[in-house]
Amino acid sequence: MAQTAATLLDIVALRVRDPSNTAHSRSTVLGLLSDAQRLVNGIAEEVVATATLTVPPYRTILPVEENLATCLRLTGMRDESGRSLTPVPWRALAHANRAWWRATASRSRCWSTIGRDLVVVTPAAPDTQTLTAVFVTKTTALATEATVTEVTNATDAAIMDLTEALLLLKSRRLDAVGGPMARVAAFAGMSLPTQQTPA
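Attention in this report is confined to the structure presented alongside it. Just so you know, these numbers come straight off a predicted model, no measurement behind them.

All right, on to helix H5 (residues 153-170) then. Residues spaced three or four apart along an α-helix point in a common direction, a consequence of the helix completing one turn every 3.6 residues. With 18 residues, H5 should reach 26 Å at 1.5 Å per residue; the first-to-last C-alpha distance of 26 Å fits that figure. Along H5, the positions that sit buried rather than exposed are Thr155, Asp156, Ala158, Ile159, Met160, Asp161, Leu162, Thr163, Glu164, Ala165, Leu167 and Leu168. The inward-facing, buried residues of H5 contact helix H1 (5-15), helix H2 (26-44) and helix H6 (178-188). Downstream of H5 by a residue or two, arginine 172 has a phi angle that is positive, lying close to 60°.

Following this line, the structure appears as structure tokens:
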């Protein structure tokens, strides 16, 4: 069960010692919560979607934004028969075939992304292909305080930690940022560098 934005807002306001929202307006905190939800979902991959991707004949490179408007990160690709295409790092495509962008076959066998903007489906097919893209979707903005988060309660904690860290940075309370950032780093599976004191 997800929580309302108002609940998260109140908790974050208490954490940064601003319960009446005088230092940070509720709309500012709501915007940060919305962005934090999107970022945390990109890490946790909780809200996923599928969409049809139409690949024109002999085309291997497609823009993601035009074809999959709500895609945050592509995680899989299936053809019409339901067969999963093999994900390949795009730099490895040249190792298999130096002219991968011109390679053709009766159907595509693998896919890759170039950055976050382009998707590669190779080899190119002579006919139009209809593929199913599986991707982590952009969560909807928390437009009002009554809006419910799209992620689970376990992930709501990371959203609040990230928002708390951003608000502490904004108010230049650098000494207090370490705690929430450590929790966000642990959630993301990262470790923070330790601060070395001069001798």
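Let us look at the sheet that holds strand S7 (residues 129-137). Read across the open sheet, the three strands follow the order S1-S7-S3; overall the sheet is antiparallel. Either end of the sheet is taken by a strand with one partner, and the two such strands are strand S1 (48-55) and strand S3 (71-78). Each neighbouring strand pair of the sheet contributes to a mean axis angle of 35°, computed without reference to strand direction. Pairing geometry for S3 and S7, over six bridges, is antiparallel. When the sheet's bridge partners are listed, arginine 73 is paired in S7 with valine 136. Most of the contacts of H2 go to S3, to which it runs at about 30°, and overall it touches S3 and S7.

What follows deals with the sheet that holds strand S2 (residues 61-63). Sheet architecture is open: four strands sit in the order S2-S6-S5-S4, paired in mixed fashion. Both outer strands of the open sheet, S2 and strand S4 (86-87), are each paired with one neighbouring strand and no more.

Next up on the list: the environment of threonine 140. Relative to the helices and strands, threonine 140 is located in the loop between S7 and H5. Looking at threonine 140, the relative accessible area reads 48%, which means it is partly exposed. Spatially, the C-alpha atom of threonine 140 lies 7.8 Å from that of serine 34, the residues being 106 residues apart in sequence. In this view, threonine 140 contacts Ser34, Gln37, Arg38 and Glu150; residues no more than four positions away in its chain are not counted.

Our next topic: unusual backbone geometry. That bond from threonine 122 to proline 123 is cis: its omega, -5°, falls within 30 degrees of zero. Counting through the fold element by element, proline 123 comes out in the loop between strand S6 (118-122) and S7. Positive phi, normally seen in glycine, also occurs at glutamate 45, with a value near 55°. Topologically, glutamate 45 is positioned in the loop between H2 and S1.

We now examine the environment of valine 148. Along the polypeptide, valine 148 turns up in the loop between S7 and H5. For valine 148, a relative accessible area of 43% puts it in the partly exposed group. Aside from chain neighbours lying at most four places away, what touches valine 148 is Ala2, Gln3, Thr4 and Leu142.

Conventions we followed
Residues numbered from 1 in each chain as written. Predicted model: local features only at pLDDT ≥ 70, side-chain atom pairs only at ≥ 80, totals over all residues. Heavy atoms only, no water. Helix = DSSP H or I, 4+ residues; strand = E, 2+ residues; numbered from the N terminus. Expected span 1.5 Å × (residues − 1). Buried < 20%, exposed > 50% of the residue type's maximum accessible area, 1.4 Å probe, protein only. Contact = heavy atoms within 4.5 Å. Pairing = 2+ DSSP bridges. Axes fitted to C-alpha atoms, helices over the stretch in contact; angles between N-to-C directions.

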